[in-house]
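Spelled out from the first residue to the last, the chains are:
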Amino acid sequence: MKRLLFVSPHYPPDGAAGTHRARVLAPYLRRHGWRPTVLTVDRAAYEGTLDLELEQMADNGVEVIRASALSATWTRRLGVGDLGLRALPGLRSAARHELARGGYHAIYVTTYPIYPALLGPSLKREFGVPFVLDLQDPWVGAWGASVGPGTDGAPNLKSRISRTVAAVIERRVVPHADALTSVSSELLDSLRATYPVLDARPSLELPIGLDPRDVELASSHHTRNPFFDSADGMCHVSYVGTLLPLAMDVVRVLFEGVRELRRTDPALAARLRLHFIGTSNQAQPGGAERALMLAREMGIGDLISEHAARVPFAAALRAQLASTALLIVGSTEARYTASKVAPALASGRPILALAHAQSDAVRQLRNANDATVQVIGFDNPASLRACVEPVSQVLREWLRVSPTSRPPAERLARMSALTAPVLAGRLAGLLDRVTGPS
């Protein structure tokens, strides 16, 4: 059995989105001839409340090594909070120690955060072990160029510096990877266009999938969904996940569809409740309520609720299972792929997706071949504006006739290509191509 050093700073009990790549894939690699060792950071390095239930869900016998990291308590005084930067020296030391023991056939570094990707080329040179890079999101995109944390979502100095640093790291790392994986085929195409040397190297589109056990484990905990009362007779439609700046134009069109429904059929619209859960991706409470603020501006605030703080993974799944239906809101960027697709599909709930027509999320949802999944795509601002009436119509139909859910097991069978065992097999195949025969 070949050995893989799987570098992932985020790992349970950390509940950040980046934790799920290693959590989902590592346990199933053994089935395909690879024994992973996950290199992550000490529990004390994570900010916010630890997700202990997620840690129990990840208790699967995978070997885990935890490296030291600088404390955010004092690094934030210097303006540095990024986990990857705080953990870089500790991860480097632990990786060198582990590789020096021998027996490893490949290094797999998943990002975000991006700073640990710098380990790949240097460890490859020192130990002669192939390096495979995983990009869960683009490193150099609109952030710091056209959007940022400034006034009205504009870039500020820090976001511009962050983008410049990301571009430098990308040039130093990406051309040296022996193979690439990414959630987005469009992102892989973009990188090959930028770095022609990648044309001769393997690459793999690898969605953020779902462990088939997740829905069962989340459901087995008889914990009340705290976000709404699913037995109050209302039609509860939930969006679970971060709301990125480039998604807000899409949210506005969604709300215009709600406003149109209220204008034409106020009695029907009165039964609608839209819930936005975990929109800031920040573990601490007090994050900006983007959706609710916009809804109030548009005069439909009474139909919208928002819980901005990041919620534990199992709690998010339980909220989806308690919902009448689910929303997936994409981005105006074609290469954005929503990691929330797999959990939403696995819940069995009806789905309304509003996303860029060229995005991988739209393709994955349409491939589900499920009549309870409504996909509304757009290509540009003009076609996005044309989505108002289709959105209004889907919501109207849901309110008139309660939408039918699928049993989660049935949906999981249909979406096998997004499940951990299948995705782990695809990753193992790529690693075999990179490393050659045993």
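In what follows, the structure referred to is the one given above.
Residues numbered from 1 in each chain as written. Predicted model: local features only at pLDDT ≥ 70, side-chain atom pairs only at ≥ 80, totals over all residues. Heavy atoms only, no water.

A. Main features of the sheet that holds strand β11 (residues 325-329). In space, the six strands of this open sheet follow the order β10-β9-β8-β11-β12-β13, with parallel pairing throughout. Because the sheet does not close on itself, it has two edges, and the strands there are β10 (304-307) and β13 (373-378). Geometrically, the sheet is characterised by an average inter-axis angle of 20° between neighbouring strands, direction not taken into account. Bridge analysis of strand β8 (residues 235-240) against β11 gives two bridges, and the strand direction is parallel. Within β11, the position partnered with Val 237 by the bridge is Ala 325. With respect to the sheet, helix α9 (residues 248-264) is in contact with β9 (272-277), β10, β11, β12 (351-356) and β13, its orientation differing from that of β9 by roughly 165°. Most of the contacts of helix α16 (residues 388-400) go to β12, to which it runs at about 170°, and overall it touches β8, β9, β11, β12 and β13. (Pairing = 2+ DSSP bridges. Helix = DSSP H or I, 4+ residues; strand = E, 2+ residues; numbered from the N terminus. Axes fitted to C-alpha atoms, helices over the stretch in contact; angles between N-to-C directions. Contact = heavy atoms within 4.5 Å.)

B. Layout of the environment of Ala 142. Along the chain, Ala 142 turns up in the loop between β5 (131-135) and α6 (157-173). For Ala 142, a relative accessible area of 13% translates into the label buried. Remark: the alpha-carbon pair of Ala 142 and Ser 93, spanning 49 residues in sequence, is separated by 33 Å. Setting aside chain neighbours within four positions, we find Ala 142 in contact with Val 147, Leu 246 and Glu 333. (Buried < 20%, exposed > 50% of the residue type's maximum accessible area, 1.4 Å probe, protein only.)

C. Molecular detail of unusual backbone geometry. Following Pro 12, the chain continues into Pro 13 via a peptide bond in cis, with omega recorded as 15°. Inspection of the secondary structure puts Pro 13 in the loop between β1 (2-7) and α1 (20-29). With an omega of 20°, the peptide bond running from Thr 111 to Tyr 112 counts as cis. Mapped onto the elements of the fold, Tyr 112 is located in the loop between β4 (106-111) and α5 (119-127). Although it is not a glycine, Asn 369 sits at a positive phi angle of roughly 50°. Following the sequence through the fold, Asn 369 ends up in the loop between α14 (360-367) and β13.

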